[in-house]
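# Summary of structural features
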Amino acid sequence: MAQFSRVVLRRSKEDAVRRFHPWIFSGAIAQVDAQDGDIVEVFSNSGEFLAIGLYHNSNIAVKILAFHPVKDLDDLFTERIRQAYQLRSQLGLTESETTNCYRLINAEGDNLPGLIVDWYNGTAVVQAYSIGMAQQRHRILAGLRSVYGDKLRSVYDKSAAVLPHTLNAKPEYLLGEKEEGLVQEYGHRFQVDWETGQKTGFFLDQREHRQLLTHYSAGKQVLNTFSYSGGFSVYALQAGASLVHSVDSSAKAIDLTKQNIALNPTETGTHEAFTDDVFDFLKTCDQQYDAIVLDPPAFAKNVSARHQAVMAYKRLNLQAFHRLRSGSVLFTFSCSQVVQRDHFQGAVLAAAIESGRSVRILHHLTQPADHPVNLFHPEGLYLKGLVLWVE
Ligand code: SAH
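Reference entry: report on the structure contained in this document. (Residues numbered from 1 in each chain as written. Predicted model: local features only at pLDDT ≥ 70, side-chain atom pairs only at ≥ 80, totals over all residues. Heavy atoms only, no water.)

### Concerning a nonpolar patch on the surface
Short version of the rule: Residues form patches when they are more than 30% accessible in relative terms and have no salt bridge. Like charges link within 9 Å. Nonpolar side chains (Val, Leu, Ile, Met, Phe, Trp, Tyr) link within 5 Å. For the area figures, the Shrake-Rupley method with a 1.4 Å probe applies, and any residue is considered shielded solely by the protein chains shown. One side-chain nitrogen of Lys or Arg within 4 Å of one carboxyl oxygen of Asp or Glu is enough to make a salt bridge. Counting from the N terminus, the helices are DSSP H or I runs at least four residues long and the strands are E runs at least two residues long. Per-residue accessibility, obtained with a 1.4 Å probe over protein chains only, is compared with the maximum for each type, and a residue is labelled buried under 20%, exposed over 50%, and partly exposed between these values.
Taken together, the side chains of Phe20, Leu375 and Phe376 present a nonpolar region at the surface, about 340 Å² in accessible area. In this structure, phenylalanine 376 sits in the loop between strand S19 (359-366) and strand S20 (384-390). Residue classification places phenylalanine 376 among the partly exposed positions, given a relative accessible area of 42%.

What follows is the structure, given as structure tokens:
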């Protein structure tokens, strides 16, 4: 009896897997005998082994774990987690004196499709985006224990927040219990609440861009929109900004922002926080700024919403241009995966034209190295940003 269920591909649909793309779409499948969540082996129409992965009866039917036969899945998960850790170690993140939070597993980018693991100073927060990956939670836990040893104090499984409600999954600690959640990023202190916060609790993907903002903050008046827990605001104040305004529509986010500002006291700057819609705030405020950060949530979740999203980026950036002094910077981002860099830059260009401002690109930004993109899976690239000099 075969150990794993089998998936056989249609003859004309084998190219993608031979190019190491980690997804097999349902239309490529000739035969399947598997339940949602099963580990399956994938074969060509002529019976050649191609891959092993996680099956789900949906558009993306198989997410591939390996392109070679696997005898021991425990070893595979531990090895993948070890490789991910070694990369973060190479990046200087695992032993850093000033940063003790980072992304350990970035899904396809770390060859574990649909799995996110973020590290917060001894706590690993896990989000499995598929039933199959959620069913592997004990292998994930074993791999984390093997790689971190005693450094791992707790593991919080927050997959329930991203899995279909019909599964009735509950968030739970797989190891240890709730911790204080105090982390450091480039020496700045942040309180992270992974249980009730957004995503895994903190937006680790903006670390390098917050650091970049420090070069443009001394003595400046800075507006941080979509501030969430105030990451950009804390860095700007610490770097000597004279005034920082943080804006978010969520009262909880504004509370987190205030808490984090208080954790990083300065004598030089003033901070004010506004619970408001950013579009309304930009329309009605009468202040001009030296630097503005625009880091909105994904405006488009799928291709059909892309046009609307591009129009929203244009409106948002146009409003920001109206609030910038001559000789100022705009940090502008899009984290919508379906909005590609040229669409986004086109939206910013349209806004700049309409504003009549002279605008130069200083930096092209993307996701940091602890959010790697698998070259065979370009869909993993989601974060795009520009730093603009505005006259
Ligand atoms: N820049 C943040 C992450 C932003 S996440 C960081 O570095 O941590 C996006 C945030 O935008 C969320 O906190 C959400 O509450 C907020 N948000 C979404 N739509 C909004 C709107 N129209 N106006 C104001 N805030 C909004």
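### Overview of the pairing of strand S5 (residues 49-55)
Rule in force here: For two strands to be treated as a pair, DSSP must find at least two bridges joining them.
A large share of S5 lies buried, amounting to six of its seven residues. Here five bridges tie strand S4 (residues 39-43) to S5, and the two strands are oriented antiparallel to one another. Within S5, the position partnered with valine 40 by the bridge is glycine 53. With antiparallel pairing between neighbouring strands as the criterion, S4 and S5 make up a hairpin whose turn holds five residues, including glycine 47 at a positive phi of roughly 95°.

### Concerning the pattern of salt bridges
Tallied over the full model, the rule gives 16 salt bridges. Taking the shortest distance from any N to any O, the salt bridge between lysine 252 and aspartate 193 comes out at 4.0 Å. Remark: aspartate 193 occurs in the loop between strand S13 (188-191) and helix H5 (207-213) and lysine 252 occurs in helix H7 (residues 251-263); sequence separation between them is 59 residues. We note a salt bridge from arginine 207 to aspartate 370, for which the minimum N-O separation is 2.8 Å. Highlighted residues: arginine 207 in helix H5 and aspartate 370 in the loop between S19 and S20, separated in sequence by 163 residues.

### Notes on the site of the ligand
What counts, and what does not: For this description, a residue counts as near a given molecule or strand if any of its non-hydrogen atoms is within 4 Å of it. For the purposes of these results, a polar contact is taken to be a pair of N or O atoms within 3.5 Å, where, inside protein, one atom must be able to donate a hydrogen and its partner to accept one; residues adjacent in sequence count only when each atom of the pair is a side-chain atom. Residue classes follow a fixed rule: Ala, Val, Leu, Ile, Met, Phe, Trp, Tyr, Cys and Pro count as nonpolar, while Asp, Glu, Lys and Arg count as charged, and any other residue, Gly among them, counts as polar.
What surrounds the ligand is a group of 15 residues, the closest being Arg210, Asp248, Asp277, Val278 and Asp295. Residue glutamine 198 places a side-chain N or O atom 3.1 Å away from an oxygen atom belonging to the ligand. For the ligand, a nitrogen atom lies 3.2 Å from a polar atom in the backbone of phenylalanine 226. Protein contact buries 88% of the 580 Å² of open area that the ligand shows by itself. Taken together, the residues that form the shell around the ligand break down as six nonpolar, four polar and five charged.

### Some thoughts on the sheet that holds strand S1 (residues 5-9)
Sheets are built from strands paired through backbone hydrogen bonds, the pairs being either parallel or antiparallel. Note the cut-off: Fitted lines through C-alpha atoms serve as axes, helices being fitted only where they are in contact, and the angles separating the N-to-C directions of these axes extend from 0 to 180 degrees. The criterion used for residue contact is that any of the two residues' heavy atoms lie within 4.5 Å.
With respect to topology, six strands assemble into an open sheet ordered S2-S6-S5-S4-S1-S3, the strand pairing being mixed. The open sheet has two free edges, formed respectively by strand S2 (23-25) and strand S3 (29-32), since each of these has just one partner strand. Neighbour-to-neighbour, the strand axes of this sheet turn through a mean angle of 35°, independent of strand direction. Packed onto the sheet, helix H2 (residues 73-90) meets S4 and strand S6 (60-66) and runs at close to 80° relative to S6.

### Concerning H7
Short version of the rule: Helix span is expected to be 1.5 Å times the residue number reduced by one.
Spanning 13 residues, H7 covers 19 Å between terminal C-alpha atoms, matching the ideal 18 Å at 1.5 Å per step. Along H7, the residues classified as buried are Ala253, Ile254, Leu256, Thr257, Asn260, Ile261 and Leu263. If you follow the buried residues of H7, they end up packed against strand S12 (182-185), S13, helix H6 (231-238), strand S15 (243-248) and strand S16 (270-275).

### Things to note about the packing of helix H9 (residues 306-322) against helix H10 (residues 341-355)
Operational definition: The cut-offs work like this: below 35 degrees is roughly parallel, past 145 is roughly antiparallel, 65 to 115 is roughly perpendicular, and the gaps in between are oblique. A clockwise turn of the near helix away from the far one marks a right-handed crossing, whereas an anticlockwise turn of less than a right angle marks a left-handed crossing.
Running from N to C, H9 and H10 point in directions that differ by 40°, and their axes come no closer than 8 Å. Relative to H10, H9 is oriented oblique. Helix-helix and strand crossings are classified by hand; for H9 and H10 the assignment is right-handed. Contacts between H9 and H10 involve Arg306, Val310, Tyr313, Lys314, Asn317, Leu318 and Phe321 from the former and His343, Phe344, Ala347, Val348, Ala350, Ala351, Ala352, Glu354 and Ser355 from the latter. Residues that form the contact of H9 with H10 fall into these classes: 10 nonpolar, three polar and three charged.

### Here's the deal with unusual backbone geometry
Positioned with a positive phi, asparagine 111 is a non-glycine residue whose angle comes to about 60°. Along the chain, the position of asparagine 111 falls in the loop between strand S7 (101-106) and strand S8 (115-120). For asparagine 111, a relative accessible area of 38% puts it in the partly exposed group. The phi torsion at asparagine 121 lies on the positive side, around 45°, for a residue other than glycine.

### Overview of the packing of H2 against helix H4 (residues 137-148)
Close contact between H2 and H4 brings their axes to 8 Å; oriented N to C, the two are set at 50°. Looking at the two axes, H2 sits oblique to H4. Between H2 and H4 lies a crossing whose hand is right-handed. Between H2, through Leu73, Asp74, Phe77, Thr78, Ile81, Arg82 and Tyr85, and H4, the contact on the second element is made entirely by Arg139, Ile140, Gly143, Leu144, Ser146, Val147 and Tyr148. The residue inventory of the contact of H2 with H4, partitioned by class, reads eight nonpolar, three polar and three charged.

### Side note on the sheet that holds strand S14 (residues 221-225)
Judged by pairing direction, the sheet is mixed, and its seven strands sit side by side in the order S16-S15-S14-S17-S18-S20-S19 without closing on themselves. The two strands at the open ends of the sheet, each matched to only one other strand, are S16 and S19. Averaged over neighbouring strand pairs, the angle between their axes works out to 15° when direction is ignored. As paired elements, S19 and S20 share seven bridges and run antiparallel to each other. Within S20, the position partnered with isoleucine 361 by the bridge is leucine 388. Against the sheet, H9 makes contact with strand S17 (289-294), strand S18 (324-334), S19 and S20, and its axis sits at roughly 155° relative to S18, the strand it touches most.

### So, the packing of aromatic side chains
The way to describe two aromatic rings as a pair is by their centre distance and the angle between their planes. In plain terms, the rule: What counts as a ring pair is set by centres within 6.5 Å for rings of Phe, Tyr and Trp (its six-membered ring), and what kind of pair is set by the plane angle: stacked under 30 degrees, edge-to-face over 60, tilted for all other angles.
Following the criterion strictly, the structure yields 18 aromatic pairs and no others. Relative to phenylalanine 25, the ring of tryptophan 23 lies with its centre 6.3 Å away and its plane at 85°, an arrangement referred to as edge-to-face. Judged by its relative accessible area of 15%, tryptophan 23 is buried. Residue classification places phenylalanine 25 among the partly exposed residues on the basis of a relative accessible area of 35%. Relative to tyrosine 228, the ring of phenylalanine 203 lies with its centre 5.1 Å away and its plane at 85°, an arrangement referred to as edge-to-face. Of this pair, phenylalanine 203 sits in the loop between S13 and H5 while tyrosine 228 sits in the loop between S14 and H6; the two residues are 25 residues apart in sequence, bridging distant segments of the chain. Note on phenylalanine 203: relative accessible area 24%, which makes it partly exposed. Accessibility expressed as a relative area gives 7% for tyrosine 228, which makes it buried. Put simply, the rings of Tyr85, Tyr102, Trp119 and Tyr148 pair up and form one aromatic cluster.

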